[in-house]
Amino acid sequence: MTSLTIRPLNTGFVTTVPAQYLFHHSVHPYVEGATHDRVEIPDFAFLVEGGEELVLVDTGMSWTERASTYHHPGSHQPPGMAIHERLAALGIRCEDIGVIAITHLHWDHSYYLEKFTNATIYVHERELAFAENPIPMYYKSYENEAIGITPHFAGVDFTTVAGGRELIPGVRVFETHGHSPGHLSVEVDTAAGNFVCSGDSIFCPENLEPIPELGYDITPPGRYVDAIGMWNSIVAQRDRVADPSFILGAHDRPLLDRIRETPVLGLV
Ligand SMILES: [Zn+2]
């Protein structure tokens, strides 16, 4: 029995509009936070320690100028928050990371991959295929030569997966497509129970709440490529954990407060 732990590492702040991204328009009348104001959300990667290899779930966002110019204006990566700087502060070099699981290849989840020269980098085969040849509506999300920028993942040697796979004992990826065509979530067995790093398949804890007035058993987010996949993968992930607090979203605002008290999750 391994004793894995999870350390959320915030790599910066992305500006977003809750009513567009976090909540589907049908639920706006029932959700207090579904505002049209521009807000900042964190951008987490997760370091899994204690196993056969050091594992990263995602590598977070780009530097400020790139983020704000090409992506969401106002997004920023304060000094020291890039993934390699976060790891260095823990005494970990990029070369020490053995496994990286990419939830999806959007710009705010998979930057700086070229620094991880010893890692096996897993991504879903459908995600990679779409990222390399997206419809124009997604040129910005994945970055594309068509808009004058070389994708951040160009030249990276990926290992593709389809379905689920155990990456090391106690760490498994499984399909949660919907937000993107080949989205993966990552399940991590810890002494406290199994956690799920849900990437952008679940934006905020409210997405797990029912809306009784509508007969909804979840509160769907507003940003997805496939509504049915999005819906079913949220329900499936909620069913997979003992308690919603075991789901760790990449843009989970309450997690910022939680890690001030508990920087390492999974301990008992
Ligand atoms: Zn994201």
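Report on the accompanying structure. (Residues numbered from 1 in each chain as written. Predicted model: local features only at pLDDT ≥ 70, side-chain atom pairs only at ≥ 80, totals over all residues. Heavy atoms only, no water.)

Details of the overall build of the chain
Now for step 1: Within the chain, the regular secondary structure consists of seven helices and eleven strands.
Now for step 2: By principal-axis analysis of the C-alpha atoms, the chain measures approximately 50 × 50 × 35 Å.
Now for step 3: Relative to its 268 residues, the chain shows a buried fraction of 55%.
Now for step 4: Restricting to contacts in the chain with at least 6 residues of sequence separation, those with at least 24 account for 66%.
Now for step 5: Summed over its atoms, the accessible surface of the chain is roughly 11,100 Å², and 51% of this surface lies on carbon and sulfur atoms. (Helix = DSSP H or I, 4+ residues; strand = E, 2+ residues; numbered from the N terminus. Buried < 20%, exposed > 50% of the residue type's maximum accessible area, 1.4 Å probe, protein only. Contact = heavy atoms within 4.5 Å. Areas by Shrake-Rupley, 256 points an atom, 1.4 Å probe, with all protein chains shown as cover.)

Side note on helix α4 (residues 125-132)
Now for step 1: Listed in full, the buried residues belonging to α4 are E127, L128, F130 and A131.
Now for step 2: For α4, the elements touching its buried residues are β5 (120-124), α5 (139-142) and β6 (158-161).

A closer look at the coordination of the zinc ion
Now for step 1: Looking at the zinc ion, the protein donor atoms are D108 (OD), H109 (NE2), D200 (OD) and H251 (NE2), and they sit 2.0 to 2.2 Å from it.
Now for step 2: Read in sequence order, the donor residues for the zinc ion give the motif D-H-x90-D-x50-H. Of this pair, H109 sits in the loop between β4 (97-101) and β5 while H251 is found in the loop between β11 (247-249) and α7 (253-261), placing the two residues 142 residues apart along the sequence. Each member of the pair H109 and H251 is classed as buried. (Donors = N, O, S within 2.8 Å, 3.2 Å for Na, K, Ca; no water.)

Some details on the state of the cysteines
Here a disulfide denotes a covalent bond joining the sulfur atom of one cysteine to the sulfur atom of another.
Now for step 1: Scanning the model with the defined rule gives zero disulfides in all.
Now for step 2: Cysteine C94 shares no disulfide, and the gap to the nearest cysteine sulfur, in C197, comes to 19 Å.
Now for step 3: Its relative accessible area of 9% is what places C94 among the buried residues.
Now for step 4: Of the cysteine sulfurs around C197, a residue in no disulfide, the closest is that of C204, at 17 Å.
Now for step 5: Residue C197 is classed as buried on the basis of its relative accessible area of 0%. (Disulfide = S-S within 2.5 Å.)

A short note on the pairing of strand β3 (residues 54-57)
Now for step 1: Sheet topology note: the strand β2 (residues 39-49)/β3 ladder contains three bridges and is antiparallel. The residue bridging F46 from the neighbouring strand is V57, located in β3.
Now for step 2: As consecutive antiparallel partners, β2 and β3 are separated by four residues, and within that stretch G50 has a phi angle of approximately 100°, a positive value.
Now for step 3: Both β3 and β4 contribute to a ladder of four bridges, which runs parallel. Note that in β4 the partner of L54 across the bridge is I97. (Pairing = 2+ DSSP bridges.)

As for the side chain of D108
Now for step 1: Considering the arrangement of structural elements, one finds D108 in the loop between β4 and β5.
Now for step 2: Within the buried set, D108 has no salt-bridge partner at all; the shortest N-O distance to an opposite charge, 8.6 Å, is to R223.
Now for step 3: Of note is the side chain of D108, whose polar atom sits 3.0 Å from the side chain of H109. (Lys, Arg positive; Asp, Glu negative; His and termini not counted. Salt bridge = Lys/Arg side-chain N within 4 Å of Asp/Glu carboxyl O. Polar contact = N/O pair within 3.5 Å; in protein donor to acceptor, adjacent residues only side chain to side chain.)

So, unusual backbone geometry
Now for step 1: The phi dihedral of D58 falls on the positive side, at around 70°, and the residue is not glycine.
Now for step 2: The residue D58 is located in the loop between β3 and α2 (64-70) in this model.
Now for step 3: With relative accessibility at 1%, the residue D58 sits in the buried group.

Observations concerning the sheet that holds β2
What holds strands together in a sheet is hydrogen bonding between their backbones, with the strands either parallel or antiparallel.
Now for step 1: Here we have six strands laid out as an open sheet, ordered β1-β2-β3-β4-β5-β6, and mixed in their pairing. Each edge of the open sheet is held by one strand with a lone partner, namely β1 (5-16) and β6. For this sheet the average axis-to-axis angle between neighbouring strands, irrespective of direction, equals 25°.
Now for step 2: Its contacts with the sheet put α7 on β1 and β2, and the angle it makes with β2 is roughly 55°. (Axes fitted to C-alpha atoms, helices over the stretch in contact; angles between N-to-C directions.)

Some thoughts on the nonpolar core
Now for step 1: Counting 35 residues, the largest nonpolar core has F46, V171, V186 and L248 as the members making the most contacts within it.
Now for step 2: Sequence-distant contacts of V186, that is, excluding residues within four places in its chain, are made with V57, A101, V171, R172, V173, F174, F195, V196 and C197.
Now for step 3: Judged by nonpolar contacts, the second largest core, of 34 residues, contains L47, I97, L113 and F116. (Core = buried A, V, L, I, M, F, W, Y, C linked by side-chain atoms within 4.5 Å.)

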